Amino acid sequence: MQQLLNGLFTGSIYALFAIGFTLVFGVLDRLNLAHPAVFAVSAFVGIELVEVAGLSIWYTLPIVFVVGGLLGIIIERVAFRPLKNRPDAHFAGLISSIALAGMFIALLQWRYGPNTRRFPADSFPSTTFTVFGAQVTLLQVAILVISVALMVALTLLVAKSRLGRGMRAIAENPTAARVLGINVDRVTMTTFAISSALGAVAGALFAMNVNSAQLGMGTAIELKGLAVIIVGGMGSLPGALVGGLLLGLAEVFAVANIGSSWRDMVAFGLLFLILLVRPQGLFGARKVREV
Amino acid sequence: MTESHATEPILKVENLVVSYGRVEAVRGVSFQAASGSLITLVGANGAGKSSIINAVSGIVRPKAGTITFEGRDITKTSAHALVGEGLVQVPEGRQILGTLTIHENLQLGGWHTNDTAAIREVYERFPVLAERRDLPAGALSGGEQQMLAIGRALVARPRLILLDEPSMGLAPKIVDEVFRVIEEIRASGTTVVLIEQNARRALRAADHGYVLASGEIAHEGPAADLLADERVVQAYLGV
Ligand SMILES: Nc1ncnc2c1ncn2[C@@H]1O[C@H](COP(=O)(O)OP(=O)(O)OP(=O)(O)O)[C@@H](O)[C@H]1O
Ligand SMILES: [Mg+2]
C-alpha cells in the first residue's frame, strides 16, 4: 500500500511534467526540449522563494506557475517563432530548444553553483495521515491533488473553452485556423506559456517531494517525460496522465521488489511492452500519422 | 450595374503581384468589386486564382500591389484582423476541421464575434447541420462539408465573402444548391467574390467577370458580355 501511494505521488509529478510536453507536441507538432530546463529552473526558484523571501511553500506554487509561463513565452519567441517558416522547422526547433535549455541551466549554475540545494529545515508541514495503514504526509497529498487538479483543468480548457477550440483547430490544420481568423501566433504563445507553467509547477513539486534540486534534474526526467507521452499516445492528454502514473508505480515497485538498480530497467521495459501491444500508445489514434 | 460606378468599390486590387520563391503566380492583376455585387474570377488550373484570394484575405503576403477594403489599405493587414473586420474567405477544398464537431467548426467561425445568434441563423439556413451539430465534421459528405464551410464563414457576418471553387468535386444537384446559397448571400447584401473553374456557371451568376490566364487578366467585362464573346468562350471556357 505504501508503495502504491508513493508510486502515485511520483507518478502524478511525471504526469504533470509530461502533460505540458504533450500539449505543445499535440497542438503545435513541436517537441520543446527546453521543457526539462523549465522543470529544473522552477525547482531552484521555488527554493529561493522560500529561503530568501521567506514564503511558505504553498505561496511559491502560484509564483512558480507564473514564472514558468513567462519562460514558456521566452522559449516560443526565441527558440520557435523565428524558425517557424523554415521547411525544417521541426528539427530546427528541436535543436534551438536544446540550446536554450543549455543556456537556462548555465544561468542556474552561475547563480547557484553545482551543488544540490534543499528547502530550509522547517519548510514542510509535519501533518501526516494514515491511509489503509500507510503513512502519508500532507505534502504528498497536496502534490497529488495539485497535479491532478491542474491536469483536469487543462483537459477541460482544451475540450470546452474558446482557447482550447483554437488550439485544436491549429493542431489539425494551421492554415484553416488562420483563414478562420484565429490569431495563430497568439494562441501558439499561450500554449507554450501554459505548457511551461505546468512543467514549472511539476519541477517545484518534485523538489519538494525529494527535498532537493539539482542542475541535472531536468535531464533526469526528460527521458521519462518522452517515454510517457509516447506510451500515452503522442499528443494525448489523458494518455500523459495515465502514462505518468504507470511509470511512477512501475518504478516504485521495481525498487521495492527487485532492487533500486533495476528501476529504469523494469520501468522502461514495461513501456516497451505496452508499445509492442499498442504501437499507437494507450490513448493514441489508431491511425499512424501520414507523412 | 450602372450604379457601381457611382459608389466607391468595397474591394479594390491594384497591380497585385504574388510570387512563391522564383515562381510568379500573379503578375500585376487589378480588379474591383462594387458593394453588394457578385464578381467572379475564372481560369484554368494554376492560373493564380487561389493566390489572389489568399493575398486579399491576408494568408499570403503580396510581393507588390495594393489592396483596399472599404476605402482602407489592407495590403499588410493580417488574416485574423481581416476576419474581424468582415472580410472572410471560404477556402479551396473547404478546410473543414474534421476532428472537431460541426458546432465547434461554427463556433470557430465566430472567433472574433462570439455571435450565437449568427450560429442559430446558419442552422436555420442549413438544417442538416443542426441535426448533426455534435458529430465530428469529418463525418459529413462533401456537399454538407461545403455547406459547413460556407456557414462557418457566415457566422463572422462578413461584408465581403471570397469563395474559392465552392463547387469543386460536387455532384450537379449539390452544385445547384451551392449556387442557390451564393445567390442568397448576395441577395442579403454581402459582396461576393467567386472563384470557379466552372466558368460558365459562375459567369451566369455574376455581375462582372475576370478571366485569368497565367497570372494575368486576359479578359474582363460584364459577365453577360464575356459569355457572349466568342473569343473568350473558345479560348477559355471550353466547348
Ligand atoms: N505555396 C506555394 N508554393 C509554391 N508555388 C505555389 C504555391 N501555391 C501556388 N503555387 C503556384 O502558383 C501558381 C498559381 O497557383 P494557384 O493555386 O493560385 O492557382 P489556381 O488558379 O488557384 O489553381 P487551381 O484551379 O488548381 O486551384 C501555380 O503554378 C502553383 O503551382
Ligand atoms: Mg486554386
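Everything discussed here concerns the structure shown above.
What counts as what
Residues numbered from 1 in each chain as written. Chains lettered and ligands numbered in written order. Predicted model: local features only at pLDDT ≥ 70, side-chain atom pairs only at ≥ 80, totals over all residues. Heavy atoms only, no water. Pairing = 2+ DSSP bridges. Helix = DSSP H or I, 4+ residues; strand = E, 2+ residues; numbered from the N terminus. Axes fitted to C-alpha atoms, helices over the stretch in contact; angles between N-to-C directions. Contact = heavy atoms within 4.5 Å. Phe/Tyr/Trp six-rings, centres within 6.5 Å; stacked < 30°, edge-to-face > 60°. Buried < 20%, exposed > 50% of the residue type's maximum accessible area, 1.4 Å probe, protein only. Near = heavy atom within 4 Å. Polar contact = N/O pair within 3.5 Å; in protein donor to acceptor, adjacent residues only side chain to side chain. Areas by Shrake-Rupley, 256 points an atom, 1.4 Å probe, with all protein chains shown as cover. Nonpolar A, V, L, I, M, F, W, Y, C, P; charged D, E, K, R; others polar. Buried area = accessible area lost by both parts, 1.4 Å probe. Salt bridge = Lys/Arg side-chain N within 4 Å of Asp/Glu carboxyl O.

All names here are of chain B. The sheet built from six strands is open, its strands ordered 6-7-8-3-9-10 with mixed pairing. Sheet topology places strand 6 (87-90) and strand 10 (216-222) at the edges, where each strand pairs with a single neighbour. Across this sheet, the average inter-strand angle for adjacent strands is 15°, counted without regard to direction. Docked against the sheet, helix 1 (residues 49-56) engages strand 3 (38-43), strand 6, strand 7 (160-164), strand 8 (191-196) and strand 9 (208-213), running at close to 150° with respect to strand 7. This element, helix 6 (residues 142-155), spans strand 6 and strand 7 of the sheet and lies at about 170° to strand 6.

A few words on the packing of aromatic side chains. Geometrically, a pair of aromatic rings is defined through the distance of the ring centres and the angle of the planes. Residue and element names in this part refer to chain A. Applying the stated criterion across every chain yields a total of seven aromatic pairs over all chains. Centroid distance Phe-39 to Phe-206: 5.5 Å. Interplanar angle 55°. Geometry classified as tilted. Taken as a pair, Phe-39 in helix 2 (residues 35-51) and Phe-206 in helix 8 (residues 184-210) lie far apart in primary sequence, 167 residues in all. Across the pair, exposure class does not vary: Phe-39 and Phe-206 are buried alike. Measuring from ring centre to ring centre gives 5.3 Å for Phe-119 and Phe-124, while their planes differ by 65°; the resulting arrangement is edge-to-face. With a relative accessible area of 5%, Phe-119 lands in the buried category. Judged by relative accessible area, Phe-124 falls into the partly exposed class, the value being 23%. Three or more aromatic residues joined by ring pairs make a cluster, and in this case those are Phe-17, Phe-21, Phe-39 and Phe-206.

A word on the site of ligand 1. All names here are of chain B. Close to ligand 1 lie 13 residues, the nearest being Asn-45, Lys-49, Ser-50, Ser-51 and Glu-92. Gln-197 places a polar side-chain atom, nitrogen or oxygen, 3.1 Å from an oxygen atom of ligand 1. Protein chains bury 61% of the 630 Å² of accessible surface belonging to ligand 1 in isolation. At three residues, the largest contribution of residues to the shell around ligand 1 is made by helix 1. For the shell around ligand 1, the residue count by class is four nonpolar, six polar and three charged.

Below, the discussion takes up the sheet that holds strand 5 (residues 72-73) of chain B. Residue and element names in this part refer to chain B. Strand order in the open sheet formed by four strands is 2-1-4-5, and the pairing between neighbours is antiparallel. Whereas interior strands pair on both sides, the edge strands pair on one side only; in this sheet they are strand 2 (23-33) and strand 5. Pairing of strand 4 (residues 64-69) with strand 5, which is carried by two bridges, proceeds in the antiparallel orientation. The residue of strand 5 that forms the bridge with Thr-68 is Asp-73. In the packing of helix 1 onto the sheet, contacts are made with strand 1 (11-20), strand 2 and strand 4, and the angle to strand 1 comes to roughly 115°.

For the rest of this paragraph, the subject is the interface of chain B and chain A. Each side of the interface is counted separately: chain B has 21 residues, and chain A has 17 residues. Taking both partners together, chain B and chain A bury about 1900 Å²; carbon and sulfur atoms supply 58% of that area. If you look at where chain B meets chain A, you find one salt bridge. The partner of Glu-104 of chain B in a salt bridge is Arg-168 of chain A, and the shortest N-O contact between them spans 2.8 Å.

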